Amino acid sequence: MDQSKIISSEVNEAQIAVHWKEEEIYRPSAKFIAQANLKDASVMDRFSEKNFPGCFTEYAEMLTWIEPWREILDTSDPPFWKWFTGGKLNACFNCVDRHLEKYKNKAALIFVPEAEEEAPVAITYQEIYARVNEVAAMLRDFAGLTSGDRVTIHMPMIPELPITMLACARLGVIHSVVFGGFSGEACGLRAADSGSRVLIYADSYYRGGKLIDHKSSAEVAVESARREGQNIDKVLVWRRYPGKYGSVTPMVEGRDFFVDEVLKNFRGKKIQPVAMDAEAPLFLMYTSGTTGKPKGCQHRTGGYLAYVTGTSKYFQDIKPEDVYWCMADIGWITGHSYIVYGPLALGATSVIYEGVPNYPSAARPWKIAERLDVNIFHTSPTAIRMLRKAGFDEPQKYDFHFKHMTTVGEPIEPEVWKWYYEVVGKGEAVIVDTWWQTETGGFLCSTKPALDAMKPGSAGPGVPGIYPIIYDEDNQEMQAGSGKAGNLCIRNPWPGIIQTIWGDRERFVRQYYQKYCRNPQSKDWKDWPYFAGDGALMAADGYLRILGRVDDVINVAGHRLGTKELESACLTVDEVAEAAVVPVVDEIKGRMPEIYISLKPGIKASPADVKAKVTQTIETMIGKIARPKTVQIVPDMPKTRSGKIMRRVLAAISNHMNVGDISTLANPDIVEQIRVQVQGQGPVETQEGPEDVKHFGTVE
Ligand code: WTA
């Protein structure tokens, strides 16, 4: 292993130069390999291009179908690929009913409440079957929902969330789960976009030792949906403690109902799972992209479920005997694919933890792992960084042994990876660094845990059946091992890709395919590479190192936030004339938004008040997850002669980097003024920043 080899090379304008050294590799243990689901190296041949798209039947055959598919991949309407057409299945049946014969008495979910005094609750497959049926009956017969309807679910990490999702899937109702940490306003806008007339809520939940009043945001959600022209007829409210209301906001007569009360009328009811077309949408998941409005990523039933089941089996190495814990929130794609649908389709036991990882201390995850004997663990670099900082030696104090661990959502620093490996994994667990996106449904890049070496900081090569390629801005392929980074694309379609953006086919094409499409008339998938919007570099061995987003999206703690969304929130504050949001490096969260605003003339309010108002507005319009690290009030923004705000320059100042060439700006003098304001008097800083920050705002 040549650790001293520095990768770097000549680059042109369309390319990104990177200066990383190759990391030492690690190998899976013989013990792990012996028991792994995927240990036959012929998988690469089975999923090679000559066997595409037929290779993906290997995943589809892991499911139970009501009607077999006629065609594996239909490319008649590019890039709206269709998978397993003609096939019929039910996602809920696959995740619940089909396990009853063998596993009815086995835990499907183990719910761990945040309060340590509250014991974990195991919910067996039989119990989840009974509960999902009752909820499905309620949704159908009380809320009047039927297949194809959309319903917005705004709930925290309690077992009623996956139960509600599965009940929707049983009926073919399309669920749209909005992350519990988002504000009522954000929830309402998404409900309106999806055309939901039913909202499903929870009254309260525990977070950081406090019982949070969640239902109070429902009023805002209903109101903001109404402003967008969408009426909400019913708000169904799960109570954290049935019979005891944990919110101060009054229930609205005729609109709001307690689920535990309504369910009494459906006790023991059974609902036949509806046979859904493979191409019927299963759910929507909103995510941030290049323009202000969040995109409703529309996932299909057959291809999605096949893809998450296959990838859960091969890359998470899940078996029914395992205790699997993914610490993500179900309100994000990771939770949908790798807490709910993938693991349950495999008959796994999936742990759901209500609270924050550091409550009451950074030892909490290790206590839970010890207590439940978790053997597969899945989390994000942000959580790993936080746990490492707050309790470096804590994992050693607890008797747990992971066979397998995952990192997902953002690049992980090699140092942090090594702590995860040595201290959390105790040198025994294999690690997969999985790169993928809301749009992709499941993993696209990862090592094959029993077959490949691990390289700290690198997501693995493309997983079987996924053929990644890196292009520069001039559509030139960047060769593996060239040391040059570019835009990460996937050459081929796969079953987990979204069908479209809800209600916006044109945006789907524009965002993911327009840039690198070779021929818009072509019906050959080879002419339609998928553009992921991430910068990356491919090593000679095919491993990918991800630089981060090339668009104006900031990845905070592994979650995508649209800068335009944040900027428009700032502009709703009366005093604000202009706003620009840039990423600033944060030791724990990876990146955080830093906000620059300029004020309208003649503003009387104190700067402190305006800053507080901006922060407050962001929390109410988007959620606490988007809270800025700082708000800077500046006299003016650095601008091009055509009036475009130069976010790149602000990002450089915030991150103590070289501001680069500013000679073409309309107002170059403002740059030094802002620099002194942010960094203080002192010498000009020229730190080498991380690649994503360096290139922030440079790619159109
Ligand atoms: C980033 C989360 C580096 C990337 C599953 C991507 C990663 C965005 C990794 C998607 C990884 C995800 N290494 N970066 N292993 N995984 N990302 O839609 O920028 O919330 O485009 O999906 O997260 O975020 P999303």
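As shown above, the structure is provided for reference.
Below or above, wherever it landed, is the structure these notes cover. (Residues numbered from 1 in each chain as written. Predicted model: local features only at pLDDT ≥ 70, side-chain atom pairs only at ≥ 80, totals over all residues. Heavy atoms only, no water.)

## Here's the deal with the pairing of strand E5 (residues 107-112)
- Taking burial as the measure, the six residues of E5 include six buried ones, the bulk of the element.
- Here E5 pairs with strand E6 (residues 121-124) via four bridges, running antiparallel. Within the sheet, the bridge partner assigned to phenylalanine 111 lies in E6 and is valine 121.
- Pairing analysis gives four bridges linking E5 to strand E18 (residues 349-353), with the strands arranged parallel. The residue of E18 that forms the bridge with valine 112 is tyrosine 353. (Buried < 20%, exposed > 50% of the residue type's maximum accessible area, 1.4 Å probe, protein only. Helix = DSSP H or I, 4+ residues; strand = E, 2+ residues; numbered from the N terminus. Pairing = 2+ DSSP bridges.)

## Considerations on the packing of aromatic side chains
- Scanning the entire structure with this criterion turns up 46 aromatic pairs.
- Ring geometry for phenylalanine 52 versus tryptophan 83: centroids 6.3 Å apart, planes at 80 degrees, classification edge-to-face. Taken as a pair, phenylalanine 52 in the loop between helix H2 (43-46) and helix H3 (57-60) and tryptophan 83 in strand E3 (residues 82-85) lie far apart in primary sequence, 31 residues in all. With respect to class, phenylalanine 52 is no different from tryptophan 83; both count as buried. (Phe/Tyr/Trp six-rings, centres within 6.5 Å; stacked < 30°, edge-to-face > 60°.)

## A closer look at the packing of helix H17 (residues 563-571) against helix H18 (residues 607-621)
- For the pair H17 and H18, the least separation of the axes is 9 Å and the interaxial angle reads 125 degrees. One way to sum up the angle between H17 and H18 is to call them oblique. In terms of crossing hand, the pair formed by H17 and H18 is right-handed. Residues Leu566, Ala569 and Cys570 of H17 pack against Val614, Thr617, Ile618 and Met621 of H18.
- Here the residues of the contact of H17 with H18 sort into six nonpolar, one polar and no charged. (Axes fitted to C-alpha atoms, helices over the stretch in contact; angles between N-to-C directions. Parallel < 35°, antiparallel > 145°, perpendicular 65-115°, else oblique. Left-handed = near helix turned anticlockwise from the far one by under 90°. Contact = heavy atoms within 4.5 Å. Nonpolar A, V, L, I, M, F, W, Y, C, P; charged D, E, K, R; others polar.)

## So, the site of the ligand
- Surrounding the ligand, one finds 17 residues, the nearest of these being Asp433, Thr434, Thr438, Asp534 and Arg560.
- One of the side-chain nitrogen or oxygen atoms of aspartate 534 is found 2.8 Å away from an oxygen atom of the ligand.
- With the chains in place, 97% of the 520 Å² that the ligand exposes on its own is no longer accessible.
- Of all the secondary-structure elements, those providing two or more residues to the shell around the ligand are helix H12 (333-345), strand E21 (430-434) and strand E26 (544-549).
- The residue makeup of the shell around the ligand, split by class, is five nonpolar, seven polar and five charged. (Near = heavy atom within 4 Å. Polar contact = N/O pair within 3.5 Å; in protein donor to acceptor, adjacent residues only side chain to side chain. Areas by Shrake-Rupley, 256 points an atom, 1.4 Å probe, with all protein chains shown as cover.)

## Describing the sheet that holds E6
- Sheet architecture is open: seven strands sit in the order E6-E5-E18-E17-E19-E20-E21, paired in mixed fashion. Only two strands of the sheet have a single neighbouring strand rather than two, namely E6 and E21. On average, each strand axis in the sheet is inclined to that of its neighbour by 20 degrees, with strand direction left out of account.
- Strand direction decides the pairing type here: strand E19 (residues 376-379) and strand E20 (residues 404-408), joined by four bridges, are parallel. When the bridges of E20 are listed, isoleucine 376 appears paired with histidine 404.

## Description of the environment of arginine 518
- On the secondary structure map, arginine 518 appears in the loop between helix H16 (505-512) and strand E25 (530-538).
- It is 11 Å that separates the C-alpha atoms of arginine 518 and tyrosine 530, two residues lying 12 residues apart in sequence.
- In this structure arginine 518 touches Tyr471, Lys526 and Asp527, once residues within four positions along its chain are discounted.
- In this structure the side chain of arginine 518 is engaged in a polar contact, spanning 2.9 Å, whose partner is the backbone oxygen of lysine 526.

## So, unusual backbone geometry
- A cis amide bond, omega -5 degrees, links proline 78 with the succeeding residue proline 79.
- Residue position: proline 79 is located in the loop between strand E2 (71-74) and E3.
- Between tyrosine 359 and the following residue, proline 360, the backbone shows a cis peptide bond with an omega angle of -5 degrees.
- By the element assignment, proline 360 lies in the loop between E18 and helix H13 (364-372).
- A positive phi angle, near 55 degrees, is found at phenylalanine 84, a position not held by glycine.
- Relative to the helices and strands, phenylalanine 84 resides in strand E3.
- Despite not being glycine, aspartate 317 has its phi angle at roughly 55 degrees, a positive value.
- Take aspartate 317: it is sitting in the loop between helix H11 (302-315) and strand E17 (323-326).

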